Each structure stands twice: as C-alpha cells, then as structure tokens.
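Each chain, letter by letter, is given below.
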Amino acid sequence: MLKAHYTRTAKHAPLVVLDGGPFNGMESTPAQLRELAALLTRVAAHAEARPCVGRLWAPATERYDTTAWRAGA
C-alpha cells in the first residue's frame, strides 16, 4: 500500500509525502516499473489539481494499491 499525503509547502506550492510502498528491495519487470511510473504521474497530477491556498485548501490522504509490484506478481 502506498499512501500519498497531499499538503503544501510554506510558499503554498503542492507537496506530496509518500509513505509505504514497494521501494525497499523492490524487484520489478519493465512493465511493472511502467505501471508504477503511471501511478506516480497520477499522484503528481492530483497534487497539482488540488487547491493550495484559500478556503478550499485542506490536506488529504489517498491510498493506492501496490500489489502489482510485489515479488511474483
């Protein structure tokens, strides 16, 4: 499980804090790495689309399934 905490910097720019995930000792095929890259691209787009100032700003957390990158998947 990869958790993405969406927040902002002191200058009100998007900031994502990643927790968990398959990165420690991860073994992946090129196809699995492409899937992971696509997921991280979605996380980045989501962070950029969120408001970072004003009354609509609020931190948030999303969870993403990472079972595709576990050994033998």
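Use the structure listed above.
Residues numbered from 1 in each chain as written. Predicted model: local features only at pLDDT ≥ 70, side-chain atom pairs only at ≥ 80, totals over all residues. Heavy atoms only, no water.

Asks: Could you give an account of empty space enclosed by the protein, with specific residues and numbers?
Replies: One pass over the structure, following the stated rule, counts one cavity of 30 Å³ or more. Of the pockets and cavities examined, the largest cavity occupies roughly 40 Å³. What lines the largest cavity is Tyr-6, Thr-7, Pro-14, Leu-15, Ala-47, Arg-50, Pro-51, Cys-52 and Trp-57. Among the elements of the structure, β1 (2–8) and β2 (14–20) are those that each provide at least two residues to the lining of the largest cavity. Among the residues forming the lining of the largest cavity, the class breakdown is seven nonpolar, one polar and one charged. (1 Å grid on protein atoms, 1.4 Å probe; cavity = no way out; pocket = protein on both sides within 12 Å on 5 of 7 lines; lining within 4 Å. Points joined across faces, edges and corners; volume = space filled by probe spheres on them. Helix = DSSP H or I, 4+ residues; strand = E, 2+ residues; numbered from the N terminus. Nonpolar A, V, L, I, M, F, W, Y, C, P; charged D, E, K, R; others polar.)

Asks: Account for the sheet that holds β2, with residues named and values stated.
Replies: Ordered in space as β2-β1-β3, the three strands form an open sheet in which the pairing is antiparallel. Of all the strands in the sheet, just β2 and β3 (60–64) have a single pairing partner and so form its edges. Neighbour-to-neighbour, the strand axes of the sheet open up by a mean angle of 25°, direction not taken into account. As paired elements, β1 and β3 share five bridges and run antiparallel to each other. Pairing of Tyr-6 across the sheet is with Ala-60, part of β3. Against the sheet, helix α1 (residues 30–49) touches β1, β2 and β3, its axis set at about 25° to β1. (Pairing = 2+ DSSP bridges. Axes fitted to C-alpha atoms, helices over the stretch in contact; angles between N-to-C directions. Contact = heavy atoms within 4.5 Å.)

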